[in-house]
Structures are given as structure tokens and as C-alpha cells.
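One-letter residues, chain by chain:
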Amino acid sequence: MLHFERFTQRGRDAISASIDRLIVAGWTGRDAAAIEHHIEELAALGVPRPSSTPLFYRLGSGLLTQTDCLQVLGPDSSGEAEPVLVSLADGLWVGVGSDHTDRRAEAVGVALSKQLCGKVVGRQLWRFDEVVGHWDSLVLRSWITEKGTRTLYQEGALAAIRRPEDLLEQLGGLAVGNLMFCGTLGALGGVRPAARFDMMLEDPVLQRSLQWGYAVEVLPVVS
């Protein structure tokens, strides 16, 4: 069960929702060169090239969490800020989330690596209808804390990734109770782990933002 505060131009409300289907859309860059950059970025970590783009990974919905401290096994995971679509009984809503991924396991299989880490979702939502008209202007940012310093990790407009209508058409739509991560941007300075991950989706047109962050607790690997 996820808990959200929903913001619209008319006001706000609170809702709890049970999510029974989780989809992570991968390789969603709108520009071929940007896709290739991200593929090469991950190839440097030993991740095999995708069979096609985009891809839709079906993951266990139990991975969804709204924690402020994510526990991970070993030191080789990192976050990725993404816009999130949530299908509720009264329509589509937009949030921000982190597709936290085990990078070591990613070299074995991308789907496996995504299944190994919790998927963190913020507690704030916007109505999809209020932002779809200026979707490309929304700005996604993330920061990491490494060695005690907060550093900008990702930044860019959503014009860099496929429009949500395109993803929904290829997926076949989102039924009520479905949630989809819509893709990410390249990391500034390369993909790397960090002690904390903060993310923001900014709407410069309506002058508001969605924000969430979490610490990363590394659990020891024993054998």
C-alpha cells in the first residue's frame, strides 16, 4: 500500500493505493545519440546492450517503497531519478521515483538487477492532465551525497525521453492499480553508488515541484 498527497490546481487531497503491477520502462531516450550514450555508460560497467528500445520490465510490485532509508546488499547499487505514472480509479497521476539498481548484477542481466533493489517512490502526485500539455518542459534532477558532499547527479528536461503517450501506446495502457517508471537521464560524471540519493521533478510552468530522497544503507555480503 502506497500513500500519496495529491496536488492539483484546485487543491490537494490524500489517498492510499494498492499497486498490483509494476513496470519499469528502459532505454526510453527520445534521441538516438542519447540512448547510445546511456547504453555505452552502462556497457562500461559490463551491462549487455538491449535487444530493442524501449523495453518494458515487469517487476514484483512488492519492491515499491516510500522509505527514507533503502537497504541494499553490497556496495554496487545506485539510484536513477524517473518520472512515474500511477493509474488510480480517477485517472492517471504523475510522481517521481528512483529505479535503484544493483550495477554488479546488471552485468549478468538487467531484469535481474532491477528485481534485486527496492523501487523508491515519492509521496506527492500531480494530475497527469495538468502537465501533459507541457510535459517536455518538466525538469528532472537528482543529487547524490558522496564523501559528505551533495553533488548534482542528473539534470535535464523530459524532452530528452519518450513522451508518456508513446510509452503507454507501446505498453498497451495502464490499468487501475498499475505503476510505471518512465525512463531516466544520463548520470553526470558516470553511474556510481552514493550514501544518499535525492530527486526532484520540477514544473516551471505551474511553478511547483515533486521531491523525495533517501539514505542508502549497505548491508554486508557474507558467504
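Please read all numbers here as calculations on a predicted model, not as lab measurements.

A. Quick peek at the nonpolar core. If you look at the biggest cluster of nonpolar residues, it comprises 61 residues, and the most contacted ones within it are L64, L85, W135, L179, M180, F181 and L201. Considering every element that reaches this core, the biggest residue donor is strand β8 (residues 81-88), with 5 residues. With residues near it in sequence (within four places) discarded, W135 still touches P83, L85, V94, F128, L158, R163 and P164.

B. Structural context of helix α5 (residues 164-171). Within α5, burial applies to P164, L167 and L168. Along the long axis of α5, the arc covered by the buried residues comes to 95°, so they all point the same way. Buried residues in α5 make contact with β4 (55-59), β8, β9 (91-98), α4 (128-131) and β15 (178-181). Count one or two residues on from α5 and you reach G172, which has phi positive near 100°.

C. The arrangement of a nonpolar patch on the surface in detail. On the surface, a cluster of nonpolar side chains totalling about 300 Å² of accessible area is made up of V108, L112 and L116. Judged by relative accessible area, V108 falls into the exposed class, the value being 67%.

Reading the values: rules and limits
Residues numbered from 1 in each chain as written. Predicted model: local features only at pLDDT ≥ 70, side-chain atom pairs only at ≥ 80, totals over all residues. Heavy atoms only, no water. Core = buried A, V, L, I, M, F, W, Y, C linked by side-chain atoms within 4.5 Å. Buried < 20%, exposed > 50% of the residue type's maximum accessible area, 1.4 Å probe, protein only. Helix = DSSP H or I, 4+ residues; strand = E, 2+ residues; numbered from the N terminus. Contact = heavy atoms within 4.5 Å. Arc of directions from axis to C-beta. Patch = residues over 30% accessible without salt bridge, like charges linked within 9 Å, V, L, I, M, F, W, Y side chains within 5 Å. Areas by Shrake-Rupley, 256 points an atom, 1.4 Å probe, with all protein chains shown as cover. Salt bridge = Lys/Arg side-chain N within 4 Å of Asp/Glu carboxyl O.

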